[in-house]
Amino acid sequence: MNTHTTESTNATNATNATNATDTTGRRPALVRAAKDAPVPRTARRGLTRRRLGPGPPIPYGRAIGPVLLLAVWSAGSATGLIDPRNLSAPWTVVTTAGDLIADGRLQSNVWTSAVRALSGLAYGVAAGLVLALIAGLSRLGEGLIDGPVQIKRSIPSLALIPLLILWFGIGESMKVITIALGALVPIYIHTHNALRTIDSRYVELAETLGLSRPRFLLHIVLPGALPGFLLGMRFAVTASWLALAVVEQVNATSGIGYMMGLARTYGQTDIIIVGLVVYGLLGLLSDGLVRLVERKALSWRRTLAD
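Notes on the structure in this doc start here. All of these numbers come straight from a predicted model, not from anything done at the bench.

### Brief notes about the overall build of the protein
- When helices and strands are tallied, the protein shows 13 helices and 0 strands.
- Its helices and strands in sequence order give the protein the pattern α-α-α-α-α-α-α-α-α-α-α-α-α, from N to C terminus.
- By residue count, 32% of the 306 residues in the protein fall in the buried class.
- In the protein, the proportion of contacts linking residues at least 24 apart, taken out of those at least 6 apart, comes to 69%.

### Remarks on the pattern of salt bridges
- A complete count under the given rule lists 6 salt bridges for this structure.
- A salt bridge links Glu172 to Arg116; the shortest N-O distance between them is 2.8 Å. One end of the pair, Glu172, is in helix H9 (residues 172-196); the other, Arg116, is in helix H6 (residues 105-137), with 56 residues separating them in the sequence.
- A network of salt bridges, in which partner residues are shared, links Arg116, Glu172 and Glu248.

### Quick notes on the nonpolar core
- Judged by nonpolar contacts, the single largest core of 36 residues is most densely connected at Leu121, Met233, Leu244, Ile256 and Val274.
- When residues of this core are assigned to their parent elements, the largest contribution, 9 residues, is made by helix H11 (residues 213-247).
- Discounting chain neighbours no more than four positions away, the residues touching Leu121 are Ile179, Ala183, Met233, Ala236, Val237 and Ser240.

### Re the environment of Glu172
- A residue is classified by how much of its surface remains accessible, and Glu172, at 41% relative accessible area, is partly exposed.
- Distance from Glu172 to Asn251, taken between C-alpha atoms, is 9.8 Å for residues 79 residues apart in sequence.
- Of the polar contacts made by the side chain of Glu172, one reaches the side chain of Arg116; its length is 2.8 Å.

### Details of the side chain of Asp287
- Along the chain, Asp287 falls in helix H13 (residues 269-297).
- Each residue touching Asp287, except ones within four places of it in the same chain, is listed here: Arg234 and Val237.

### Topic: the environment of Leu181
- Mapping Leu181 onto the fold places it in helix H9.
- Overall, the relative accessible area of 22% leaves Leu181 in the partly exposed class.
- Through-space distance from the C-alpha of Leu181 to that of Ala243 is 9.1 Å; in sequence the pair is 62 residues apart.
- Contact partners of Leu181, with chain neighbours within four places excluded, come to Lys152, Ser157, Leu160 and Leu164.

### Observations regarding a nonpolar patch on the surface
- The grouping of Leu163, Leu166, Trp167 and Phe168 at the surface amounts to a nonpolar patch, some 470 Å² of accessible area in total.
- Tracing the backbone shows Trp167 in helix H8 (residues 161-168).

### Description of the packing of helix H7 (residues 139-154) against H9
- At a minimum axis separation of 11 Å, H7 and H9 run at an interaxial angle of 135 degrees. One way to sum up the angle between H7 and H9 is to call them oblique. Between H7 and H9 the crossing geometry is left-handed. Facing H7, whose interface residues are Arg139, Glu142, Ile145, Asp146, Val149, Gln150, Lys152 and Arg153, H9 presents Leu181, Val185, Tyr188, Ile189, His192 and Arg196.
- For the contact of H7 with H9, the residue count by class is 6 nonpolar, 2 polar and 6 charged.

### Things to note about the packing of aromatic side chains
- On inspection of all chains with the given rule, the structure shows 1 aromatic pair.
- Arranged with centres 6.4 Å apart and planes meeting at 80 degrees, the rings of Trp167 and Phe168 form a pair that is edge-to-face.

### A word on the packing of H6 against H11
- Where H6 contacts H11, the axes come no closer than 9 Å and their chain directions differ by 140 degrees. H11 is crossed by H6, and the crossing has right-handed handedness. On the side of H6, the interface is formed by Ser113, Ala114, Arg116, Ala117, Leu121, Val125, Leu129 and Leu137, while H11 contributes Arg213, Leu217, Val221, Phe229, Met233, Ala236, Val237, Ser240, Trp241 and Leu244.
- Considered class by class, the residues forming the contact of H6 with H11 number 14 nonpolar, 2 polar and 2 charged.

So, how was this worked out
Residues numbered from 1 in each chain as written. Predicted model: local features only at pLDDT ≥ 70, side-chain atom pairs only at ≥ 80, totals over all residues. Heavy atoms only, no water. Helix = DSSP H or I, 4+ residues; strand = E, 2+ residues; numbered from the N terminus. Buried < 20%, exposed > 50% of the residue type's maximum accessible area, 1.4 Å probe, protein only. Contact = heavy atoms within 4.5 Å. Salt bridge = Lys/Arg side-chain N within 4 Å of Asp/Glu carboxyl O. Core = buried A, V, L, I, M, F, W, Y, C linked by side-chain atoms within 4.5 Å. Polar contact = N/O pair within 3.5 Å; in protein donor to acceptor, adjacent residues only side chain to side chain. Patch = residues over 30% accessible without salt bridge, like charges linked within 9 Å, V, L, I, M, F, W, Y side chains within 5 Å. Areas by Shrake-Rupley, 256 points an atom, 1.4 Å probe, with all protein chains shown as cover. Axes fitted to C-alpha atoms, helices over the stretch in contact; angles between N-to-C directions. Parallel < 35°, antiparallel > 145°, perpendicular 65-115°, else oblique. Left-handed = near helix turned anticlockwise from the far one by under 90°. Nonpolar A, V, L, I, M, F, W, Y, C, P; charged D, E, K, R; others polar. Phe/Tyr/Trp six-rings, centres within 6.5 Å; stacked < 30°, edge-to-face > 60°.

Note that all results are geometric; they support no functional claim without further evidence.
Put into structure tokens, the structure is as follows:
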């Protein structure tokens with residue numbers, strides 16, 4: 001009975017202490033004490049990391065650079081510092097783009113270029129991923145594959161165009177294969193590196209649990225290689241558009257590069273700038289899509305940018 005009474009008294013005192021106010025009657029005393037308490041060491045580390053990090057995200061921060069570039073371009077064109085024969089003014093480029101859209105030429109050429117780039121990208125990603133898995137999971141596979149891929153890495157894909165023309169002609173096959181070779185290398189390099197850097201403790205854990213080979217690949221290998229694959233995907237997308245810009249100069253009858261080649265022949269700088277802007281926009285859009293997939297797929301990671 002006495003024990004019960006003592007516990008009730010202690011609970012009542014704790015409640016009263018929580019509700020007690022300071023001499024000014026403005027806030028609970030325990031709240032003031034909690035506010036004045038020293039910050040724990042872990043919290044201090046978090047504050048330090050935030051203070052030393054890149055800072056909070058800036059809304060539409062990625063648009064600052066392009067907008068500044070456009071402002072400099074517009075100011076130079078308006079003041080006459082930029083010769084329109086060398087670089088057309090932004091408003092001239094916009095007018096030309098509107099005319100090309102009205103004629104249907106821009107949409108048709110963009111569609112042709114997009115099909116070429118995506119076809120080459122798909123073949124390159126598939127081949128690079130398969131080669132990376134073989135080389136990353138087998139010593140024999142690495143011995144057979146890694147050397148030739150590293151040799152290809154040191155040879156620009158554009159330097160292979162004369163040989164590819166001899167092998168495949170000057171048709172669509174040569175163009176798609178050139179784009180695929182440009183996309184293959186970054187996919188292989190980054191995926192293979194991600195596979196080789198998987199923590200060996202995960203492999204030991206899988207062996208301890210008796211995981212089968214398919215389950216090991218599904219639960220250990222694929223999640224471990226995903227960050228490297230997505231990073232390689234960003235480089236592969238950029239490489240695809242770079243290769244496309246070159247192969248469309250080789251006996252092409254349609255596409256953005258073909259349109260720019262005709263404009264070069266007739267000295268139409270504004271059409272060339274339209275083509276460059278379209279290439280840039282397509283590259284930014286595709287890279288943004290990969291970044292979005294990366295953000296969703298790797299949402300469990302905590303990085304400096306978070």
